[in-house]
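# Close look at the chain arrangement
Here is what each chain is made of, one letter per residue.
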Amino acid sequence: MRAPVFVLCAESGNLSNYNAATPPVVLAIAGFDPSGGAGIAADLKTISTHGCYGVAAVTALTVQSTQGVKGIHIPPAANLRAQLDALAEDVTFAAIKIGMLGNKANAVVVAEFLDRVAARHVVLDPVIKATGGEAELLDAAGVKFLGEELLQRCTLLTPNVPEAQHLTGIEVKDVATMEAAARKLAERGARAVVIKGGHLEKPTDLLFDGAEALSFPGDLVKSPNSHGSGCTFASSIACQLATGRPLRDAVMLAKAYVAKAIQHGIHLGKGAGPLDHFYRIRQEPAARGTHEVPQHGLHPAAEPARH
Ligand code: PLP
C-alpha cells in the first residue's frame, strides 16, 4: 500500500512533505556586530518580526560590544561577490537592504550586483560611522563611490543627519535644511530619500519621494538602548515595501516600529543596549482558547473554562 503523503510529494516532484508558502525574501547586505544590536543581526531580527524571510551577505566582521566598535575586519570583496551570487542563483528577493559596506571594493561589488539582479526595492542605509563613536564603517573612497554611484541604483536612501551632512555638505538643523539635503541627494540620482531626525531636538523624519517632501513628526524616545536603530529602520522599510506597502506607509510604519522597539530597549552590557525587535511577540496576549497551566506552560484547550 502506498503512503498518501509520499505519493503526493513524489507526484509534485518535491521530496519533502513540508509545503508552507514562501514568505517574501529580504536580502540584508551589512556588517556583523557580535553584540547583536546592529548590522546583520538587527536586520535579520527585524525581517523575521515583519513576517518576511531574511537572507544575508556579510560585508565586514566588527569586533564590538555595547561599549563600542573595537576593531573591523573586511574580508576580500570577492567573498562578498560569491555570497551574493550564491544567494541570487537560488532565491528571488522581494527587497534588498544595504547597510555597512566597509570599503569601496565592497561598494563596487554591491553596485555591480544591483546592475545584475534589477531588484524592485533597494533600501540603502549609508552607514559611515558608528553612532556615538569614531569608528569608520566605510572608507573615504567608499563614501565617494556611494554618493556618486551606489545611490543611483537604490530606490530609497536613509541617511541620518550626520550622514546627510557628510554626503551633501549642507548643515542640517531643521526640516527646511533636511529638505534641501534630500533634494540634493535626489539630484545626484537617489530616487527617494528619507532623512532621519533622531539627532535633532524634535525628531521629525523627512521623506522626499522624488516629487514632494513630507515630514513625519515624532517624539524623542529617551533611552540609552538604541544601538542599531538605523539598521532596524531601513530593514523595516524594506520589509514593508516587500509586502506591497506604498513608500509613505512603509516609512510611517517603520518609524512607529523603531520608536516602540527603542521604548522596549534591552539593558544589555555596560554600554548602549539594543532595541527589542521582538517587543510585539512579548506583548502578544495568549490566543483565545489557550491559557496558562503551571505544570504545562501555554496549553491549547478547546474549552478554556474547564480544566
Ligand atoms: N552596521 C554595523 C555592523 C555596525 O556595527 C553599526 C554600528 O556600530 C551600524 C551598522 C550602524 O548602527 P546604527 O543603526 O546604530 O546607526
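Keep in mind that this is a model prediction, so the values were computed, not measured. (Residues numbered from 1 in each chain as written. Predicted model: local features only at pLDDT ≥ 70, side-chain atom pairs only at ≥ 80, totals over all residues. Heavy atoms only, no water.)

## Let's talk about the overall build of the protein chain
Worth spelling out the cut-off: In this description a helix means any DSSP run of H or I spanning at least four residues, a strand means any run of E spanning at least two, and both kinds are numbered starting from the N terminus. Working definition: with a 1.4 Å probe on protein chains only, accessible area under 20% of the residue-type maximum means buried, over 50% means exposed, and in between means partly exposed. In what follows, residue pairs with any heavy atoms lying within 4.5 Å of each other are defined as contacts. The method behind every accessible area is Shrake-Rupley, applied with a 1.4 Å probe, and residues are considered shielded solely by the protein chains displayed.
For the protein chain, the helix and strand inventory stands at 10 helices and 11 strands. By the burial criterion, 45% of the 307 residues in the protein chain qualify as buried. In the protein chain, the proportion of contacts linking residues at least 24 apart, taken out of those at least 6 apart, comes to 65%. Of the accessible surface of the protein chain, which amounts to about 15500 Å², a share of 55% is contributed by carbon and sulfur atoms.

## Comments concerning the site of the ligand
Applicable threshold: Summary of the distance rule: residues count as near a molecule or strand when at least one heavy atom falls within 4 Å of that molecule or strand. Polar contacts here mean pairs of N or O atoms no more than 3.5 Å apart (in protein, one a potential hydrogen donor and the other a potential acceptor; neighbouring residues in sequence count only if both atoms are side-chain atoms).
Residues in contact with the ligand amount to 15 residues; listed here are only the nearest, Gln-64, Thr-131, Gly-228, Gly-230 and Cys-231. At a separation of 2.9 Å, an oxygen atom of the ligand approaches a polar backbone atom of Gly-230. When the free accessible area of the ligand is taken as 400 Å², the share hidden by the protein chains comes to 96%. Element by element, the count of residues in the shell around the ligand is highest for helix H8 (residues 229–242), at 3 residues.

## Let's talk about the confidence of the model for the protein chain
Note the threshold: Confidence of the predictor at the level of single residues is captured by pLDDT, which takes values from 0 to 100.
Mean pLDDT over the protein chain: 88, with 86% of residues reaching 70 or higher. Considering only residues more than four positions removed or in separate chains, one finds that residues 1–17, a stretch of pLDDT under 50, has 5 contacts. Note that pLDDT drops below 50 for residues 292–307; the model gives that stretch 20 contacts with residues more than four away or on any other chain.

## Side note on the environment of Phe-145
Among the secondary structure elements, Phe-145 is positioned in helix H5 (residues 140–148). Residues Phe-145 and Ala-105 lie 40 residues apart in sequence; the distance between their C-alpha atoms is 9.6 Å. Each residue touching Phe-145, except ones within four places of it in the same chain, is listed here: Lys-104, Ala-107, Val-108, Ala-111 and Leu-150.

## A few points about the environment of Glu-89
Relative to the helices and strands, Glu-89 is located in helix H3 (residues 77–90). Sequence spacing of Glu-89 and Val-117 is 28 residues, and the spatial spacing of their C-alpha atoms is 9.9 Å.

## Observations concerning the packing of H3 against helix H4 (residues 104–117)
Let me state the cut-off plainly: Each axis is a line fitted through C-alpha atoms, and for a helix only the stretch in contact is used; angles between axes span 0 to 180 degrees, taken between their N-to-C directions. Each angle receives one of four descriptions, namely roughly parallel if under 35 degrees, roughly antiparallel if over 145, roughly perpendicular if within 65 to 115, and oblique otherwise. Whether a crossing is left-handed or right-handed is set by the direction in which the near helix is turned from the far one by less than a right angle, anticlockwise for left-handed and clockwise for right-handed. Each residue receives one of three labels: charged for Asp, Glu, Lys and Arg, nonpolar for Ala, Val, Leu, Ile, Met, Phe, Trp, Tyr, Cys and Pro, and polar for the others, Gly being one of them.
Across the interface, H3 lies against H4 with an axial gap of 9 Å and an inter-helix angle of 25°. What the angle tells us is that H3 and H4 run roughly parallel. Handedness of the crossing formed by H3 with H4: right-handed. Contacts between H3 and H4 pair Ala-77, Leu-80, Arg-81, Leu-84, Asp-85 and Ala-88 from the former with Ala-105, Asn-106, Val-109, Val-110, Glu-112, Phe-113, Arg-116 and Val-117 from the latter. Its residues assigned to classes, the contact of H3 with H4 comprises 9 nonpolar, 1 polar and 4 charged.

## Considering the pattern of salt bridges
Under the convention used in this document: A side-chain nitrogen of Lys or Arg and a carboxyl oxygen of Asp or Glu constitute a salt bridge if their distance falls within 4 Å.
Counted according to the given criterion, the structure contains 14 salt bridges. For Arg-248, the salt bridge goes to Glu-212, with nearest N and O atoms at 2.5 Å. Pair noted here: Arg-248 is in helix H9 (residues 247–263) and Glu-212 is in the loop between strand S8 (205–208) and strand S9 (213–216), with a separation of 36 residues, a long-range link. Overlapping salt bridges bring together Asp-115, Glu-149 and Arg-153 as one network.

## Brief notes about the pairing of S9
Filter applied, for reference: When DSSP finds two or more bridges between two strands, those strands count as paired.
Bridge count between S8 and S9: 4 bridges; the pairing is antiparallel. Bridge pairing links Leu-207 to Leu-214 in S9.

## Thoughts on the environment of Thr-62
Mapped onto the secondary structure, Thr-62 falls in strand S2 (residues 53–65). Classification of Thr-62 by relative accessible area gives buried; the value is 5%. Reaching out from Thr-62, the side chain makes a polar contact with the backbone oxygen of Phe-32 at a distance of 2.7 Å. In terms of polar contacts, Thr-62 uses its side chain to reach the side chain of Gln-64, at 2.8 Å.

## Topic: helix H7 (residues 175–187)
Selection criterion: Each helix should span, by expectation, one fewer than its residue count multiplied by 1.5 Å.
With 13 residues, H7 extends 18 Å from end C-alpha to end C-alpha; this agrees with the ideal 18 Å at 1.5 Å per step. Those residues of H7 that are buried are in contact with strand S6 (156–157), helix H6 (161–168), strand S7 (193–195) and S8. One or two positions beyond H7, positive phi appears at Gly-189, with a value near 125°.

## Some remarks on the side chain of Thr-155
Structurally, the position occupied by Thr-155 is in the loop between H5 and S6. Reaching out from Thr-155, the side chain makes a polar contact with the backbone nitrogen of Val-122 at a distance of 2.7 Å.

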